[in-house]
Amino acid sequence: MRGMILCAILTLIFASSLSWGEQQQMGAAECEKLGFTGLALCSDCKTLSEYVKDQELVLECLRCCVEDSDDSMSKVTYAGAILEVCMRKLVFYPEIVGFVEDDKDKFPSLRVQYAFNSPPKLILLDDDGEQKETVRIDNWKREHILQFLHRKVKSSSASA
C-alpha cells in the first residue's frame, strides 16, 4: 500500500514537472547544444518519457519542442536558409551532394556554408537574416530536402 502511494506521488510530481517544462522554452541555440535540433514535437517528448526514465532529459526535450498543432508550424515560412555541412564529411551524404550540385540554384535565398565537423543541417532564417530554426538533415533524401524547402522557404518574388 505504501508503495502504491509513493508511486502515485512520484507520478504526480513527474506530471507537474512536465507541464512546468513546457512553459520554460529554450532558444534554438541552447536546444542545439543539448542535442535537440529540428522541429521536435512535444508528443515525441512525452513518448520519450515512457522509455527514458531520466526526468532532466525529458524536461530539456519539452523545453525545446513545438506543440503538435498542424496549423502552428505548417504555415510558417522563412525568408532564407543556410545548408551547413562539413566539407570532409560531405562524401558520406550523397543525397546532399546531389542536391548541392543539381538543385541548390532553384532556391536563390539558400546558401551553402561549410563548417568543420558540422552535421548536415538547414538553418532557417527570418526576414532580418537571424536564425529561427535548425533542422538536421543527415538521413534525408534529396526529394525530401526539395519538398521541405519548397514548403518552408519563401520563393523570391523579385525578378532577379
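Report follows, based on the coordinates. (Residues numbered from 1 in each chain as written. Predicted model: local features only at pLDDT ≥ 70, side-chain atom pairs only at ≥ 80, totals over all residues. Heavy atoms only, no water.)

## Topic: the pairing of strand 4 (residues 131-136)
Where strand 3 (residues 121-125) lies against strand 4, five bridges are found, and the strand directions are antiparallel. Among the inter-strand pairings, Leu 122 is bridged to a residue of strand 4, identified as Val 135. Linking strand 3 to strand 4, which pair antiparallel, is a turn of five residues; within it Gly 129 sits at a positive phi near 80 degrees. (Pairing = 2+ DSSP bridges. Helix = DSSP H or I, 4+ residues; strand = E, 2+ residues; numbered from the N terminus.)

## What about the packing of aromatic side chains?
One pass over the structure, following the stated rule, counts two aromatic pairs. Seen from their ring centres, Phe 99 and Phe 107 are 6.2 Å apart, and the 35 degrees between their planes marks the pair as tilted. Residue Phe 99 is classed as buried on the basis of its relative accessible area of 0%. (Phe/Tyr/Trp six-rings, centres within 6.5 Å; stacked < 30°, edge-to-face > 60°. Buried < 20%, exposed > 50% of the residue type's maximum accessible area, 1.4 Å probe, protein only.)

## Description of the state of the cysteines
Summed over all chains, the structure comprises three disulfides. Each sulfur in the disulfide pair Cys 42 and Cys 65 lies 1.9 Å from the other. What sets the handedness of the Cys 42 and Cys 65 disulfide is the S-S torsion sign, and at about 85 degrees it is right-handed. In this pair, Cys 42 is assigned in helix 3 (residues 42-51) and Cys 65 in the loop between helix 4 (55-64) and helix 5 (70-74), connecting sequence segments 23 residues apart. Taking the relative accessible area as the measure of exposure, Cys 42 reaches 1% and is therefore buried. (Disulfide = S-S within 2.5 Å.)

## Re the packing of helix 6 (residues 94-102) against helix 7 (residues 142-152)
One can describe the packing of helix 6 onto helix 7 by two numbers: an axis separation of 8 Å at closest approach and a directional angle of 55 degrees. Judged on the interaxial angle alone, helix 7 and helix 6 are oblique. Side by side, helix 6 and helix 7 meet where Glu 95, Ile 96, Gly 98, Phe 99 and Asp 102 of the first sit next to Arg 142, Ile 145, Leu 146 and Leu 149 of the second. (Axes fitted to C-alpha atoms, helices over the stretch in contact; angles between N-to-C directions. Parallel < 35°, antiparallel > 145°, perpendicular 65-115°, else oblique. Contact = heavy atoms within 4.5 Å.)

## Comments concerning the side chain of Ser 49
Mapped onto the elements, Ser 49 comes out in helix 3. Taking the relative accessible area as the measure of exposure, Ser 49 reaches 11% and is therefore buried. Looking at Ser 49, its side chain comes within polar contact range of the main-chain oxygen of Lys 46, at 2.6 Å. (Polar contact = N/O pair within 3.5 Å; in protein donor to acceptor, adjacent residues only side chain to side chain.)

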